[in-house]
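Chains, contacts and geometry: an overview
Listed here are the chains, written in short residue letters.
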Amino acid sequence: MRAARRAEDLGYDVLAVSDHLGGFSPVPTVATIAAATSRLRTAIYVSSTTLYRPRVLARDYATLDQYSDGRVEIGLGAGYSRAEFEAAGLPWRPASERVDALERATLEFRKILAESNFQPAFAQPSGPPIAIAGRGDRVLRLAAAHADIIGFSGSMPVPDGDPLRLADLAEIRDRVEYVHSLIGERTHDVEFAIPVHRVLSRGVTGPITDVWQNEVRLSAEELMDHPSILIGTPRENADKLRALRARFGFSYFNVMESEMEAFAEVIAELRPVPTATHRGS
């Protein structure tokens, strides 16, 4: 897995794979990533709990945790693509039912992680961190109560099952403020995650598209403030990420594969410079 080794060499902390029809099967892919690397954590971002029985899914994650020597992260979501369900020959369930399934799976995973006799056992003593991703009130309430990593989709409201589109900053701010209103004493125990769709240099011309291939129709000022679009030098973008952390609490940035090389220069700006140590004679 050249991409996995490259991500590790570039200084990434986690390499996540998606779980979508048309892509590689996530479980063997994560196992292969783990075998090809030594430090890199890995994840499925995210497993649609509408499609899997919780204990079967937990077995797969426990297996991956063993294969990776404790470097796996659990990702759970309700599923959002009607087209994928139909392509798989599965009935498209209403959002309320899909979120019900997500809630059941989340509670079952927390129960499993507390069990001392679950087999195969997880390699991480307290179990892998759980990420829950979405944008709706019920999903974010569930994440605020139970997730270690709260994934904000960064998408705008669309009819249920329709393709997603990038939200503007006001929508993202509203979703973050909603979670802050719920999270209480867990503020310092969770990470806030947001996707990074594009990493671009100043002076870019032509249309900018989001990861769903929609043209991003935001003003230049809005683009400069948006957490999912980075425009500038690596140092400017590193400063922007620090500002986003201070403003919103974002500390976990999901960078699209197409932007991996460009964002690596931002990582270099974010990493502390090692201090030379001199031994006395």
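All of the points below concern the structure found in this document.

Conventions we followed
- Residues numbered from 1 in each chain as written.
- Predicted model: local features only at pLDDT ≥ 70, side-chain atom pairs only at ≥ 80, totals over all residues.
- Heavy atoms only, no water.
- Helix = DSSP H or I, 4+ residues; strand = E, 2+ residues; numbered from the N terminus.
- Rg over C-alpha atoms; globule rule 2.2 N^0.38 Å.
- Buried < 20%, exposed > 50% of the residue type's maximum accessible area, 1.4 Å probe, protein only.
- Contact = heavy atoms within 4.5 Å.
- Areas by Shrake-Rupley, 256 points an atom, 1.4 Å probe, with all protein chains shown as cover.
- Lys, Arg positive; Asp, Glu negative; His and termini not counted.
- Charge placed at Lys NZ, Arg CZ, Asp CG, Glu CD.
- Pairing = 2+ DSSP bridges.
- Right-handed = clockwise from strand over helix to strand, strands pointing away.
- Salt bridge = Lys/Arg side-chain N within 4 Å of Asp/Glu carboxyl O.
- Phe/Tyr/Trp six-rings, centres within 6.5 Å; stacked < 30°, edge-to-face > 60°.
- Core = buried A, V, L, I, M, F, W, Y, C linked by side-chain atoms within 4.5 Å.

**Details of the overall build of the chain**
- The helix and strand tally for the chain stands at 10 helices and 10 strands.
- Rg of the C-alpha trace for the chain: 19 Å, near the compact-globule value of 19 Å for 281 residues, within the 12% margin.
- Across its three principal axes, the chain shows a C-alpha extent of roughly 60 × 50 × 40 Å.
- By the burial criterion, 45% of the 281 residues in the chain qualify as buried.
- Restricting to contacts in the chain with at least 6 residues of sequence separation, those with at least 24 account for 71%.
- Carbon and sulfur atoms make up 52% of the accessible area of the chain, which totals about 14700 Å².
- Treating the 32 positive side-chain charges of the chain as one cloud and the 38 negative ones as another, the clouds have centres 3 Å apart.

**Description of unusual backbone geometry**
- Tyr45 connects to Val46 through a cis peptide bond whose omega is 0 degrees.
- In this structure, the amide linkage connecting Gln119 to the following residue, Pro120, adopts the cis form with an omega of -5 degrees.
- Mapped onto the elements, Pro120 comes out in the loop between helix H5 (95-114) and strand E5 (130-134).
- At Gln213, a position not held by glycine, the phi torsion is positive, near 70 degrees.
- Among the residues examined, Gln213 registers a relative accessible area of 56% and is labelled exposed.

**Brief notes about the pairing of strand E7 (residues 191-196)**
- Most of E7 sits inside the fold, with five of its six residues counted as buried.
- Two strands pair when backbone bridges link them, and strand E6 (residues 149-152) and E7 are joined in this way by three bridges, in the parallel orientation. Within E7, the residue paired with Ile150 across the bridge is Phe192.
- Note that the unit made of E6, helix H7 (residues 169-183) and E7 has a crossover that is right-handed.

**Re the pattern of salt bridges**
- Applying the stated rule across the entire model yields 17 salt bridges.
- With a closest N to O distance of 3.1 Å, Arg202 and Glu236 form a salt bridge. Taken as a pair, Arg202 in the loop between strand E8 (198-200) and helix H8 (220-225) and Glu236 in helix H9 (residues 234-248) lie far apart in primary sequence, 34 residues in all.
- Residue Arg202 is classed as exposed on the basis of its relative accessible area of 53%.
- Note on Glu236: relative accessible area 34%, which makes it partly exposed.
- Asp239 is the salt-bridge partner of Arg242, the closest N and O atoms lying 2.8 Å from each other. Taken together, the residues Arg242 and Asp239, both in helix H9 and three residues apart, mark about one turn of the helix.
- What you see here is one network of salt bridges that share partners, running through Arg55, Glu108 and Glu115.

**A few points about the packing of aromatic side chains**
- For the structure shown, the criterion picks out seven aromatic pairs.
- Aromatic pair Tyr12 and Phe263: ring centres 6.2 Å apart, planes at 35 degrees, arrangement tilted. With Tyr12 in the loop between helix H1 (2-10) and strand E1 (14-17) and Phe263 in helix H10 (residues 260-270), this residue pair connects regions lying 251 residues apart in the sequence. Both residues of the pair, Tyr12 and Phe263, belong to the buried class.
- Each ring, one from Tyr61 and one from Phe109, has its centre 6.1 Å from the other, and the planes form 80 degrees; the classification is edge-to-face.

**Observations concerning the nonpolar core**
- One finds Ile132, Ile150, Phe152, Phe192 and Phe250 to be the most contacted residues of the largest nonpolar core, which totals 60 residues.
- With six residues, H7 is the largest single contributor of residues to this core.
- Setting aside residues up to four positions removed in sequence, Ile132 forms contacts with Leu76, Leu102, Thr106, Val139, Leu142, Ala143, Ala147, Ile149, Ile150 and Gly151.
- Within the second largest apolar cluster, seven residues are counted, among which are Leu166, Ile208, Val216 and Leu223.

**Focus: the pairing of E6**
- Neither face of E6 is open: one carries Ile149 and Gly151, the other Ile150 and Phe152, and all of them are buried.
- Summarising the sheet, E5 and E6 pair through four bridges and their orientation is parallel. Each bridged residue has a counterpart across the sheet, and for Ile132 the counterpart in E6 is Ile150.
- Viewed along the sheet, the connection from E5 through helix H6 (residues 137-146) into E6 turns out right-handed.

None of this, on its own, says anything about what the molecule does.
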